[in-house]
Amino acid sequence: MEEMRYQLDLLKAMNQKLSIKERMYRLICDSTTNAFLYCSFEKSEVVTLGRWSDYFDFEIKDIKELTRLTEAVEASYSLALRDAIYTEKSGSEYASLECPKKGSKTWFKFQVRIIYDENKRPTDKIISIDNITKIKFQNDELTYMAYYDTLTGLYNRNYFVRLLGEFVRAASDNNSIVSVMMLDIDDFKKINDSMGIVVGDEIIQQFGSYLKEFSNEHLIVCHMSSDVYCIAISDPVGAHSVEQIYNRIKKRLKKPFVLSDGRSVELDVSFGVAEYPEASTNALELINCAEIVLFNGKRLGKNSIQYFNSRVLSDFINSVEIEKKLKEAIFNSNFILHFQPQYYIGDNKLRGVEALVRWRDGDNGMISPAVFIPIAEKNGAIIPIGNWVVEQSIKQYAEWSKKYGVHFIMSINISALQCSREDFVNGILSMIDRYSVNPSEIELEVTESILIDDFDAISGKLSKLRAHGVRISLDDFGTGFSSLSYLKRLPIDTLKIDKSFIDTVLTDSSTRIITESIISMVKTLGYEAIAEGVEDERQYRYLDSIGCDVVQGFLLGKPQPPEDIESILGNMQ
Ligand code: C2E
Ligand code: MG
Ligand code: MG
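From a predicted model like this one, the values you see are computed outputs, not experimental measurements. (Residues numbered from 1 in each chain as written. Chains lettered and ligands numbered in written order. Predicted model: local features only at pLDDT ≥ 70, side-chain atom pairs only at ≥ 80, totals over all residues. Heavy atoms only, no water.)

K.L.:
What exactly am I supposed to notice about unusual backbone geometry here?
P.N.:
The phi torsion of most residues other than glycine is negative, and most of the peptide bonds are trans. Of note, the bond from tyrosine 276 into proline 277 is cis; its omega dihedral lies within 30 degrees of zero at 5°. Summarising the element assignment, proline 277 is placed in the loop between strand 11 (269-276) and helix 10 (283-300). The residue aspartate 235 is not glycine, and still its phi comes out positive at about 50°. Inspection of the secondary structure puts aspartate 235 in the loop between strand 8 (228-234) and helix 9 (242-253). The class of aspartate 235 is partly exposed, set by a relative accessible area of 35%. (Helix = DSSP H or I, 4+ residues; strand = E, 2+ residues; numbered from the N terminus. Buried < 20%, exposed > 50% of the residue type's maximum accessible area, 1.4 Å probe, protein only.)

K.L.:
Please clarify how the nonpolar core should be interpreted in this entry.
P.N.:
Inside soluble globular proteins, nonpolar side chains tend to come together where they are buried. Counting 80 residues, the largest nonpolar core has Phe372, Leu444 and Leu543 as the members making the most contacts within it. Broken down by element, this core gets its largest block of residues, 10 residues, from helix 13 (residues 382-404). Membership of the second largest hydrophobic core comes to 31 residues, among which are Ile185, Val221, Tyr229 and Val265. (Core = buried A, V, L, I, M, F, W, Y, C linked by side-chain atoms within 4.5 Å.)

K.L.:
For this particular structure, what's the right way to read the coordination of the magnesium ion (ligand 3)?
P.N.:
When a metal holds four donors in a tetrahedron, each ideal angle between them is 109.5 degrees; when it holds six in an octahedron, the ideal angles are 90 or 180 degrees. Every protein donor of the magnesium ion (ligand 3) is listed here as Asp475 (OD), Asp476 (OD), Glu532 (OE) and Glu532 (OE), and their distances to the metal cover 2.0 to 2.6 Å. Of note, the magnesium ion (ligand 3) draws all its donor residues from one chain, in the sequence arrangement D-D-x55-E. In this model, the magnesium ion (ligand 3) sits 4.0 Å from the magnesium ion (ligand 2), the two metals being bridged by aspartate 475. Residue aspartate 476 is found in strand 18 (residues 471-477), and its partner glutamate 532 is found in strand 20 (residues 528-532); the two are separated by 56 residues along the sequence. (Donors = N, O, S within 2.8 Å, 3.2 Å for Na, K, Ca; no water.)

K.L.:
Hey, could you run me through the coordination of the magnesium ion (ligand 2) in this one?
P.N.:
Within the protein, the atoms that donate to the magnesium ion (ligand 2) are Glu354 (OE), Asn413 (OD1), Glu445 (OE) and Asp475 (OD), at distances of 2.0 to 2.2 Å. Read from N- to C-terminus, the donor residues coordinating the magnesium ion (ligand 2) fall into the pattern E-x58-N-x31-E-x29-D. Residue classification places glutamate 445 among the buried residues on the basis of a relative accessible area of 1%.

K.L.:
Explain the packing of aromatic side chains to me, please; I cannot follow it from the model alone.
P.N.:
The description of an aromatic ring pair rests on the distance of the ring centres and on the angle between the ring planes. Scanning the entire structure with this criterion turns up 14 aromatic pairs. Judged by centre distance (6.2 Å) and plane angle (45°), the rings of phenylalanine 335 and tryptophan 359 are tilted. Of this pair, phenylalanine 335 sits in strand 13 (residues 335-344) while tryptophan 359 sits in strand 14 (residues 350-361), and the two are 24 residues apart along the sequence. There is no split in this pair, since phenylalanine 335 and tryptophan 359 are both buried. Between phenylalanine 339 and tryptophan 400, the aromatic rings sit 5.0 Å apart at their centres with planes inclined by 70°, giving edge-to-face as the arrangement. Highlighted residues: phenylalanine 339 in strand 13 and tryptophan 400 in helix 13, separated in sequence by 61 residues. (Phe/Tyr/Trp six-rings, centres within 6.5 Å; stacked < 30°, edge-to-face > 60°.)

K.L.:
Looking at this structure, I do not really get helix 17 (residues 455-467). What am I missing?
P.N.:
Three- or four-residue spacings in an α-helix give side chains the same orientation, since the helix completes a turn every 3.6 residues. An ideal rise of 1.5 Å per residue puts 18 Å on 13 residues; helix 17 measures up with 18 Å between its terminal C-alpha atoms. Three or more residues of helix 17 are buried, namely Phe455, Ile458, Ser459, Lys461, Leu462 and Leu465. Along helix 17, the residues classed as buried sweep out an arc of 155° about the axis, all on the same side. Away from the buried face of helix 17 by more than 90 degrees, exposed residues Asp456 and Ala467 are located. Downstream of helix 17 by a residue or two, glycine 469 has a phi angle that is positive, lying close to 100°. (Expected span 1.5 Å × (residues − 1). Arc of directions from axis to C-beta.)

Purely spatial values, then, with no claim about function.
And the structure:
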């Protein structure tokens with residue numbers, strides 16, 4: 001009896017211990033986000049633990065026998081769960097299920113663990129089910145972002161470089177060619193500025209989805225950045241040759257792109273092409289070469305296709321070299337001014353001098369402004385250089401007019417970037433003020449291109465300066481879009497006929513006709529006409545006969561250092 005009571009107490013204590021343990025396990029399971037299914041094959045029992053009801057709708061929770069579970073799962077839609085129950089292997093499986101509870105596709109991770117007896121027969125199985133939908137979507141998004149550009153859905157730059165690398169490797173094995181074609185929408189900044197960035201994005205998207213249509217096993221399309229796209233073509237022959245693709249795109253561009261708000265936009269696109277192995281054997285360099293020819297082509301004129309050649313590359317390397325040195329030159333103040341005299345036709349009286357910047361480079365002697373000004377305009381270096389030129393020439397003029405007691409005009413070349421700065425007008429006026437010169441003896445030479453970007457804003461600034469007496473001269477007339485009809489809208493005093501007209505005015509009858517009509521128009525509008533680049537007597541006499549006011553050129557004086565101008569001024573006294 002004693003013994004029995006003892007055994008009973010022991011059993012009670014064990015049961016209590018067991019139920020504490022079971023409660024503890026349940027608590028642990030319930031506090032996770034997983035659902036667990038425990039099957040005992042020996043007892044044909046099933047226990048569900050954890051967040052089961054969060055996962056499934058069917059009444060598996062209430063099933064306690066393995067046979068009933070099998071039936072329920074057979075009838076259920078959950079193939080993944082059925083597989084997890086029937087599998088004889090431990091391990092992880094991933095599956096996506098339509099989850100009626102969540103009303104959307106849900107991703108689950110099933111982890112199965114099986115316990116075997118000494119005869120290798122399964123005795124117990126525990127299935128843990130975890131909802132990994134969030135992680136899965138995050139991973140998918142990360143994967144997407146790693147490969148694709150979110151705006152256009154095209155490959156992004158990084159992935160494109162990888163795929164291009166694969167094209168190049170295959171081409172090197174088969175001795176074939178890979179073409180890289182870079183495309184850039186012309187004047188996209190203007191579209192963005194005038195129509196807004198939302199419309200700008202829509203255009204990038206629309207053009208991107210049009211280009212996507214070209215994708216196939218020979219051709220990959222990527223959105224590089226902003227309005228720049230890149231196409232790589234392996235073995236570019238026949239229908240997927242560069243020419244065919246270019247022609248197809250050009251044909252499409254003849255039609256406008258219709259925006260979601262009903263407006264339509266016409267696009268021009270510039271193309272740059274570089275090929276493996278000619279341009280480079282490296283994917284990144286191929287892209288760089290295509291970019292160099294593209295932007296080099298854009299400088300020469302938009303809406304064109306340019307092919308890589310070694311000259312373009314050496315010009316580019318040269319310009320990079322110059323760019324580097326330009327920075328040092330600004331720092332070391334390696335610039336000087338030369339001045340070229342301008343004379344009134346007839347009495348050959350000095351009308352003024354044009355300040356022309358010179359760069360003294362230790363290695364290369366004098367570098368022409370025709371070489372470095374375009375680079376300085378592109379990289380912004382024109383701002384410090386231009387400021388220096390403005391101050392130096394006004395200061396020089398103040399010194400000369402005081403020293404020699406003479407009055408003439410100091411002409412200063414101004415670039416578009418200088419003019420577009422907010423402080424442009426005040427900057428000029430404050431220099432005039434600082435050196436106490438007469439504003440009407442200072443002339444700013446601008447080219448037509450200055451006015452193209454934003455006619456109203458720039459002509460407003462020029463008018464303001466004119467209102468203070470500063471003279472404005474239109475330089476290089478005849479090299480831009482030179483519409484005679486818009487001349488009267490310009491706030492100018494003087495028009496400089498470009499040297500290219502003067503060069504052929506005596507030999508080419510159409511140049512003669514144009515030059516004469518320019519002069520007569522200039523007279524009608526009350527402007528002054530200056531001929532640039534006059535090199536011989538006959539040109540001078542002819543220009544005199546057609547009513548040109550002023551000449552500037554090697555015939556009467558080259559650009560010269562200040563001391564040489566001083567001897568001219570000394571003789572004027
Ligand atoms: P530009 O303003 O049209 O200046 C006239 C250019 O023609 C000068 O070249 C001058 O040396 C050259 N030239 C004048 N007469 C003759 C001639 O009879 N025959 C020949 N063959 N050439 C003649 P340069 O000094 O090389 O300047 C080239 C351009 O660089 C200038 O053209 C101007 O656009 C730009 N530039 C020069 N200095 C400055 C500056 O300080 N600021 C800015 N923004 N641009 C400048
Ligand atoms: Mg000039
Ligand atoms: Mg000129």
